[in-house]
Structures are given as C-alpha cells and as structure tokens.
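Residue-level structural notes
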Amino acid sequence: MSRASNLFQLCQIPSTNLLLRSSKFPRGMNVIPVWKLYPTLCFCKTVQTTTYEVVNGSYVPSTQTKQEKEMKDKSSAKLDTVGAFQKLPMVMPSVDILHSALRKAKRVLPTKGIANIAKRERNRGAKQLDALMKELVVPLRTYLESFPKKKYLHPYERSLIELTLGDGNYEEVLGNVDALRKKVVSVGKEHASFCAKSLTKREAEERLTEGVKKIEEVFNHEAQVVDDLLHIAKTLRAMPVVDLETPTLCLVGAPNVGKSSLVRTLSTGKPEVCNYPFTTRGILMGHIILNYQTFQVTDTPGLLKRSDEDRNNLEKLTLAVLSHLPTAILYVHDLSGECGTSPSDQFLIYKDIKERFSDHLWLDVVSKCDLLQKSPVVFITEDSPDHEELARYRKMGPNGAMHVSVKSEAGLAELKVRVHELLTSQMAKIRSQNSNQENLVIT
C-alpha cells in the first residue's frame, strides 16, 4: 500500500479509534502513539541553502556565499579610494605611553573586603601589574589595528609608502610593535601571577616592585619602535590628499625646467622655487579654481635620462603619480640652457614618457621663452643635431607646444585657458570611465 493511501485512510479513521487505553494509567487517560502506528507520517524537510545565478537563461549554482561577496566588495571599495593616511591615529611618544601607564597603575586599589593584610597586598600587587601591562598593550594594539595593511591601500598610496619610507620598512616597524606588545603581555602576566602567589605582605611588595621594574625594562628596550611608528604616521599624514573624482593636472619634465614656477602661477600651491635640480622633494598639491570649478594640480620631481632601475625615489614618485592617478599631463620643456639638462636629453626623456603614458590627456609647454635665443642652445657634450625631429625640437620644442614666461608673463593668459579646457576634458573622461564601470557592475 502506498504512502498516499495510508495517509488517506488515516484521515478517514475517527479520532476515538486512535486512542490507546493502557492499564498502567488511570482510567480515563488516553495515549496517542501515532508514530508507532503510522511511521510513514514522519517526514523530514530539508532547507535549500544553495544560491543560484542566472547564466544564459539557466540557473547555475553560485560558488560564493553572500558573506564572501560582501567581503569582496568591501575589499574592492578599499582599493578604489585614497585618503587612508589622513585616518591614521595619533601615536604617542614611547616615553609618554610609559609614564601614563605607570601613573594609572599606581592608582589601582586592592579589592574591597579583604581583611588579611598579606592577601590584600598580593591582590593589590597583582592588579597593579595587570593594569600596567594593559595600559602599555592597549595603545599598541590600537595602533596595529588602525594602521592599514598595504594590500588594502590604493596602488598610489602603496607606492608612496615604498618610495618614501623604503621598501619593507612599513611592515617591519608594524611587526616590531606587535612583537613588543607580545613581550609586554608575556612578562606582565608572568609577574602578576608570581605576585598573586606571595605568602606575606613584604614578599608581595617586593614582587610588585620587581614586576614593575621588569615590565618597564622590557618596554624601554624596544621603545624605539613606537617612536619609529610615530615618525611614519607623521610622514604619511603629511602626504597630499588626491581626490580621484576631481580632475588633476600633473606637471612633468626634467629638473629645474620651471614646473614649480608654473604651479605657483596657475594654482594655490606654493612650492619652493630655486635654481638647482630636485628642488621638489616630493609630491606637492595645489588647486585651480576656474569658473567656480575646483581642479587639482601636482608638482612632481624632475626626471633624468636614465633607465627605471637607476632612477632615485624622487623620480619614481613622479612615475607613480602618472601610473596610478587619472591625471592630465602638462609637460614642461626648457630650451634656454638654464636648467642643466641638455635639450637632446630632454627630448629623449620626453619621447619615453610620451610613449609610456600616451593614454593621458597632454599639453606641451616651453618655459622661459624670454631667454630663448635665435640659434638653439647646444651643450658641449651633445652630438651634432643631424636628427630632423631633434633639430626642430631644439628650436621650438614639440609640435603644438605653447611658449610661456613666468617672468615676463608672456603666454600665461592663453595657458590658463588651455589648462581649463584640458581639465574640463579630463572631467568628462573621468565621468565616462565611472559610468562604464557602473555599467559593468550592473551587467
């Protein structure tokens, strides 16, 4: 007989027939062991937990759970934004951390209600040692949790860490801070437990003094790592903040060609202007306000004619900006012979950068046009200009380049108009890229 027919017959049986009368129970008490009579009524319903995705009109099991997708989205969001350095915590000097911990630990009192002097003293000693350990460890743990891991940073900020602090130095300092934290926890727990086992008041006092001295000694021995972390926080927090949604104009060129002077003229940035190479020691940020619109301007260290392996960290900073930030490039040339880099070397640097970052919006500017001579400047170390493009470059710069002079203000008005047009185009490019990314996410 099938299960369906059993169920149908069961429904037809009067409820009185299902009652079993037992002699073990008082008269009038009935028991219904339905599960014994009809075991086929015991069903097990499983809950479907597999997620499906629609692929080509069919349902395909998804390998990712909802939680995994949220974590992936969270990680991708972290990688697509900048500004992590401004969220770094304020790191206290190691001396201040220690003095604050000692002061707070001394205020800890024994548990109330302990009449025995020895018990009260060992209770006070154990609690003070535990408090001292925690007051030292909690700030260190907070720093470790607040400093971001490099893999979650934007590529531009990762490059800043490596080029500014040195490759691997950031992780090494954080690792040393974590090692110090573990040492303090180990020593603090050991001496707190040792003090709690004291038999007399005097013994408890001696073990408390010994424990405080030992914890202080361990912390002081490795305290320099906390000060190193303080230096890292100050250095990274001073880095300029770049808004990825705001069009950015990046000034590029050889050292001392006049990039900083143009930044001072075009924007609110006030970089140092001197007549020697590598005046710009880092990425400097300014802003341009045109027609009630705000744009960003970056002044970058100069580039020399050499391979990437031989470049110093200042030059690598410039390449990092061009590689990882959506910038429009204003390339500055100096053909007057004042910058220290020959026109032929500038030509080679320019060709390399132009080829490498050809997808960027571009504007060429020849600076110091008031110093240009009728005959092009030729350095002693240069070969004769038998190359037609190079010979033309020595005289006028690249095709379509603007000639400006900050000193005589020649061409500056037209430059500002061209820069505004360039940044407006950059804004449209950024919006188009964001729109394409949103469409990809939706599909």
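Up top is the structure these notes are about.
Below is a short write-up of the structure. Because the structure is a prediction, the values reported are computed rather than measured.

Here is what the cut-offs are and how they apply
- Every chain is numbered on its own, with residues counted from 1 as its sequence reads.
- Totals for whole chains, interfaces and linings use all residues, but because this is a predicted model, local features are given only for residues with pLDDT of at least 70 and pairs of side-chain atoms are given and counted only at 80 or more.
- Only heavy atoms go into the side-chain values, all of them from the structure, while hydrogens and water stay out.
- The helix and strand labels rest on DSSP assignments: H or I over at least four residues marks a helix, E over at least two residues marks a strand, and numbering proceeds from the N terminus.
- Only protein chains enter the area calculation, which uses a 1.4 Å probe; residues under 20% of their type maximum are buried, those over 50% are exposed, and those in between are partly exposed.
- Note on definitions: a residue-residue contact is assigned when non-hydrogen atoms from the two residues lie within 4.5 Å.
- Residue burial considers only the protein chains on display, and all accessible areas are found by Shrake-Rupley using a 1.4 Å probe.
- Take the buried Ala, Val, Leu, Ile, Met, Phe, Trp, Tyr and Cys residues and link them wherever side-chain atoms come within 4.5 Å; each set so joined is a nonpolar core.
- Any Lys or Arg side-chain nitrogen located within 4 Å of an Asp or Glu carboxyl oxygen qualifies as a salt bridge.
- Convention adopted: a line fitted to C-alpha atoms gives each axis, helices being fitted over their contacting stretch, and angles between N-to-C directions are expressed from 0 to 180 degrees.
- Roughly parallel means an angle under 35 degrees; roughly antiparallel, over 145; roughly perpendicular, 65 to 115; everything else is oblique.
- Residues were grouped as follows: Ala, Val, Leu, Ile, Met, Phe, Trp, Tyr, Cys and Pro as nonpolar; Asp, Glu, Lys and Arg as charged; and all remaining residues, including Gly, as polar.
- Following DSSP output, two strands are said to pair if at least two bridges run between them.

1. A short note on the overall build of the chain
- When its secondary structure is counted, the chain shows 14 helices and ten strands.
- Burial statistics for the chain: of 443 residues in total, 39% are counted as buried.
- Counting only contacts in the chain whose residues sit at least 6 apart along the sequence, the fraction spanning at least 24 positions is 71%.
- With an accessible surface of roughly 26,200 Å², the chain has 53% of that area assigned to carbon and sulfur atoms.

2. Concerning the nonpolar core
- Within the largest apolar cluster, 68 residues are counted, with the highest numbers of intra-cluster contacts made by Leu136, Phe147, Val184, Phe219 and Ile353.
- If you look at the next biggest cluster of nonpolar residues, it comprises 23 residues, including Val257, Leu262, Val365 and Leu415.

3. Notes on helix H6 (residues 155–165)
- Among the residues of H6, Tyr156, Glu157, Ser159, Leu160, Ile161, Leu163 and Leu165 are the ones counted as buried.
- For H6, the secondary structure elements touched by its buried residues are helix H7 (169–196), helix H9 (224–237) and helix H11 (313–324).
- In the stretch just after H6, Gly166 is the one whose phi turns positive, near 100°.

4. Some points on the pattern of salt bridges
- Overall, the coordinates contain 18 salt bridges when judged by the stated rule.
- Residues Asp308 and Arg311 are paired through a salt bridge, measuring 3.1 Å at the closest nitrogen-oxygen approach.
- Classification of Asp308 as partly exposed rests on a relative accessible area of 30%.
- On the basis of relative accessibility, which here comes to 6%, the residue Arg311 falls in the buried class.
- Between Asp334 and Lys368 there is a salt bridge; the shortest N-O distance is 3.0 Å. With Asp334 in the loop between strand S8 (327–333) and helix H12 (343–356) and Lys368 in the loop between strand S9 (362–366) and helix H13 (388–396), this residue pair connects regions lying 34 residues apart in the sequence.
- Given a relative accessible area of 0%, Asp334 falls into the buried group.
- A single salt-bridge network, built from bridges that share partners, covers Arg306, Asp308, Arg311, Glu315, Asp352 and Arg356.

5. Quick look at the packing of H6 against H11
- Relative to each other, H6 and H11 sit at 175°, their axes nearing to 9 Å. Relative to H11, the element H6 lies roughly antiparallel. Counting all contacts with H6, which are made through Pro155, Tyr156, Ser159, Leu160, Leu163 and Thr164, the residues of H11 involved are Asn313, Lys316, Leu317, Ala320, Val321 and His324.
- Across the contact of H6 with H11, the residue classes break down as seven nonpolar, four polar and one charged.

6. Let's talk about the environment of Leu303
- Its place among the elements puts Leu303 in the loop between strand S7 (293–299) and H11.
- Judged by relative accessible area, Leu303 falls into the buried class, the value being 0%.
- In this structure, the C-alpha to C-alpha distance between Leu303 and Asn256, residues 47 residues apart in sequence, is 9.9 Å.

7. Digging into the sheet that holds strand S6 (residues 284–290)
- Taken together, six strands build an open sheet; the order of strands is S6-S7-S5-S8-S9-S10 and the sheet is mixed. Both edges of this open sheet fall to S6 and strand S10 (402–403), since each of them pairs with a single strand only.
- With six bridges joining them, strand S5 (residues 248–253) and S8 adopt parallel strand pairing. Residue Thr248 lies in a different strand from S8, and its bridge partner there is Thr327.
- Helix-sheet contacts for H11 involve S5, S7 and S8, and the interaxial angle to S5 is about 140°.

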